[in-house]
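Summary of structural features
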Amino acid sequence: MITLDGVMQAPGGPKEDTSDGFKFGGWTAPYGDKVYDEVVHKELQPADYLLGRKTYEIWAAYWPHHGDFWPGINEGTKYVFSKNLKKYDPLVTGWKNSVVIKSPADIKKIKNSEGSDIHVWGSSKLVQLLLKNDLVDELKLKIHPLTLGKGKKLFDTGAIPAAFTLTDSIVTSTGVIIANYKRAGKVTTGTLGV
């Protein structure tokens, strides 16, 4: 979930992430409709999850008590990327199937292993790290028709040059562009004919 200017911070509610004085939490609320809800419902299928520490903290406080809305969220493996959390931290041991990982090499090892798809939700700094280390296979973007000017952004630092192919898209009745892109190799260049 991003804005036209790439902000992805606190889409779900006013208190979700107020870091750096962010005052627009819950900015996705006016844009829901039947199409949007159907797309999100499909994305809630069982998977494994890779989350940054802040997103993990928010989720660990909420989802263990609301799993009926998201079937499989509590059973899926939650990989939390953190240099500070320890594997025996009560935050980690309190939500079943949670594993602490600490490096891009750990992520690459998980990515190349057998098992479920790995989904990343939120986690702006983690997504930037994944883009910088060429660890993104697919982007599922919900581009909302507004700008916020400041906040945590999807593309803020150092993504490696990469090409993507649009595999699916739809526009909701509220103007949200839902677009799925799969990695398509390296960037190619050329000259436009005039």
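Described in the following lines is the structure provided in the data block. Position labels on residues start from 1 in each chain and follow its written sequence. Given that this is a predicted model, residues contribute local features only at a pLDDT of at least 70 and side-chain atom pairs are listed and counted only at 80 or more, while totals for whole chains, interfaces and linings are drawn from all residues. Hydrogens and waters are ignored; side-chain quantities use all the structure's heavy atoms.

**Let's talk about the packing of aromatic side chains**
Rules: Note on aromatic pairs: the rings of Phe, Tyr and Trp (six-membered ring only in Trp) are paired at centre separations within 6.5 Å, and the planes decide the class, stacked below 30 degrees, edge-to-face beyond 60, tilted for the rest. Runs of H or I in DSSP of at least four residues are treated as helices and runs of E of at least two as strands, each being numbered from the N terminus. Exposure categories follow from relative accessible area, calculated using a 1.4 Å probe and restricted to protein chains: below 20% of the type maximum is buried, above 50% is exposed, and the middle band is partly exposed.
For the structure shown, the criterion picks out 11 aromatic pairs. With 5.5 Å between their ring centres and 40° between their planes, Tyr56 and Trp95 make a pair best called tilted. Placement of the pair is Tyr56 in helix α2 (residues 53-62) and Trp95 in the loop between α3 (90-93) and β4 (98-101), with a sequence separation of 39 residues. The exposure class assigned to Trp95 is buried, which follows from its relative accessible area of 2%. With 4.9 Å between their ring centres and 90° between their planes, Tyr62 and Trp63 make a pair best called edge-to-face. Residue classification places Tyr62 among the partly exposed residues on the basis of a relative accessible area of 41%. The class for Trp63 is buried, based on a relative accessible area of 10%. Taken together, the ring pairs in this structure connect Tyr49, Trp59, Tyr62, Trp63, Phe69, Trp70 and Trp121 into an aromatic cluster.

**Some points on the pattern of salt bridges**
Formally: We count a salt bridge whenever a side-chain nitrogen from Lys or Arg sits within 4 Å of a carboxyl oxygen from Asp or Glu.
Tallied over the full model, the rule gives six salt bridges. Across the pair Asp17 and Lys152 runs a salt bridge, and its minimum N-O distance is 2.7 Å. On the criterion of sequence distance, the pair formed by Asp17 in the loop between β1 (2-3) and α1 (34-43) and Lys152 in the loop between β6 (138-144) and β7 (164-171) is long-range, its members being 135 residues apart. When its relative accessible area of 16% is taken as the criterion, Asp17 is described as buried.

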